[in-house]
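Listed below, chain by chain, are the residues.
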Amino acid sequence: MLIKRKSIEKEESSRPAASAPAAKPARKPKYAPVTLSEFDGVRYLHFGTEWVQGAMRIRKPNWLELEYAQQMMAWMLWLEQPRRIAQLGLGTAALTKFCYTTFPEAQVTAIELNPSVITICETMFKLPPNDERLQVLEMDALDFVNDKANVDTLDALQVDLYDATARGPVLDTPEFYQACNACLTDGGVMTINLFGDHPSYARNLKAIKFAFAQVICLPQVHDGNVVAIAFKRARTVDIEALTARAAQIVAATKLPAKSWVKGIATK
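All of the points below concern the structure found in this document. (Residues numbered from 1 in each chain as written. Predicted model: local features only at pLDDT ≥ 70, side-chain atom pairs only at ≥ 80, totals over all residues. Heavy atoms only, no water.)

What follows covers helix 6 (residues 200–211). For helix 6, built from twelve residues, the straight-helix expectation of 16 Å at 1.5 Å per residue is met to within 8% by its first-to-last C-alpha distance of 17 Å. Within the sequence span of helix 6, burial applies to Ser 200, Tyr 201, Asn 204, Leu 205, Ala 207, Ile 208 and Ala 211. Projected onto a plane normal to the axis of helix 6, the buried residues spread over an arc of 165° and lie on a single side. Exposed side of helix 6, more than 90 degrees from the buried face: Ala 202, Lys 206 and Phe 210 are the residues found there. (Helix = DSSP H or I, 4+ residues; strand = E, 2+ residues; numbered from the N terminus. Expected span 1.5 Å × (residues − 1). Buried < 20%, exposed > 50% of the residue type's maximum accessible area, 1.4 Å probe, protein only. Arc of directions from axis to C-beta.)

Our focus in this paragraph is the sheet that holds strand 2 (residues 42–46). Taken together, the three strands give an open sheet; going across it, the order is 1-2-3, and neighbouring strands pair in antiparallel fashion. The open sheet terminates on both sides in strands that have one partner only, identified here as strand 1 (35–39) and strand 3 (54–57). Across the sheet, the mean angle separating the axes of adjacent strands is 20° when strand polarity is ignored. One ladder, built from four bridges, connects strand 2 with strand 3; its direction is antiparallel. For Arg 43, the partnering residue across the bridge sits in strand 3 and is Met 56. (Pairing = 2+ DSSP bridges. Axes fitted to C-alpha atoms, helices over the stretch in contact; angles between N-to-C directions.)

It is worth spelling out empty space enclosed by the protein at this point. One pass over the structure, following the stated rule, counts three cavities of 30 Å³ or more. Its volume calculated, the largest cavity comes out at about 70 Å³. Gly 54, Tyr 68, Ala 69, Thr 92 and Ala 94 are the residues nearest the centre of the largest cavity, which is lined by eleven residues in total. Only strand 3, helix 1 (67–71) and helix 2 (94–102) provide two or more residues apiece to the lining of the largest cavity. Partitioned by chemical class, the residues of the lining of the largest cavity number six nonpolar, three polar and two charged. (1 Å grid on protein atoms, 1.4 Å probe; cavity = no way out; pocket = protein on both sides within 12 Å on 5 of 7 lines; lining within 4 Å. Points joined across faces, edges and corners; volume = space filled by probe spheres on them. Nonpolar A, V, L, I, M, F, W, Y, C, P; charged D, E, K, R; others polar.)

What follows concerns the sheet that holds strand 7 (residues 154–159). With mixed pairing, seven strands are arranged side by side in an open sheet as 6-5-4-7-8-10-9. Edge positions in the sheet fall to strand 6 (134–138) and strand 9 (214–217), since each has one partner strand and no second. Mean inter-strand twist for the sheet, computed between neighbouring axes without regard to direction, equals 15°. Pairing analysis gives four bridges linking strand 9 to strand 10 (residues 225–231), with the strands arranged antiparallel. Counterpart to Ile 216 in the pairing with strand 10 is Ile 229. Docked against the sheet, helix 3 (residues 115–124) engages strand 5 (107–112) and strand 6, running at close to 145° with respect to strand 6. (Contact = heavy atoms within 4.5 Å.)

Function cannot be read off these values alone, since they describe shape.
Put into structure tokens, the structure is as follows:
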């Protein structure tokens, strides 16, 4: 079971006005249907297929149920007190909720293009309403990272942009990753969910390495998920220091941070 797909669907282009007798209104983006399933106390989000877009344990709505989602928090090994965190792709709001509750001093922003995903997160996945610290914005992730107002503002950026077909991230160009880099502060870190068993993996990894000073990939989990950690500036990988920091993370959050360090140490 592949665990990663997020909702950003390409907007259908309208015909050029010059070739048509009258301009037609732009079509709205078409989205795959948002569907749910439940098994053994866990609620899953789908986009009309068997692919899992996210999950929530019903009795622990703020916990990160999926291992890849836990790995998306690996930037915590380097950042202890982020001021601003953003997610591109909402899914079940798992990362958004976890960051919102774990870092009470941080501003958390989530970007989601599909309004139905936002609604289902509010009604079925315990997403809290927007407030002075939380913003869930209905917009294109590309517009967000290209907005000059977001340059040099994010300490942590989490990218998980998949559609219903699971053919690789929807946004995957070097220019997109350069824009992600520009949004980060000098010590900023991006984590991104990739599909290691797909031809898109090599293309994305090459584009990320082009845009970032340093990239580390954690070991593959589930049926293909690979989380890459990308750094605005290169860092010395001090395994002893990371191990000590991982112990702090485990004590504070119960996340399996020690396994992240073991994965980094094998690279």
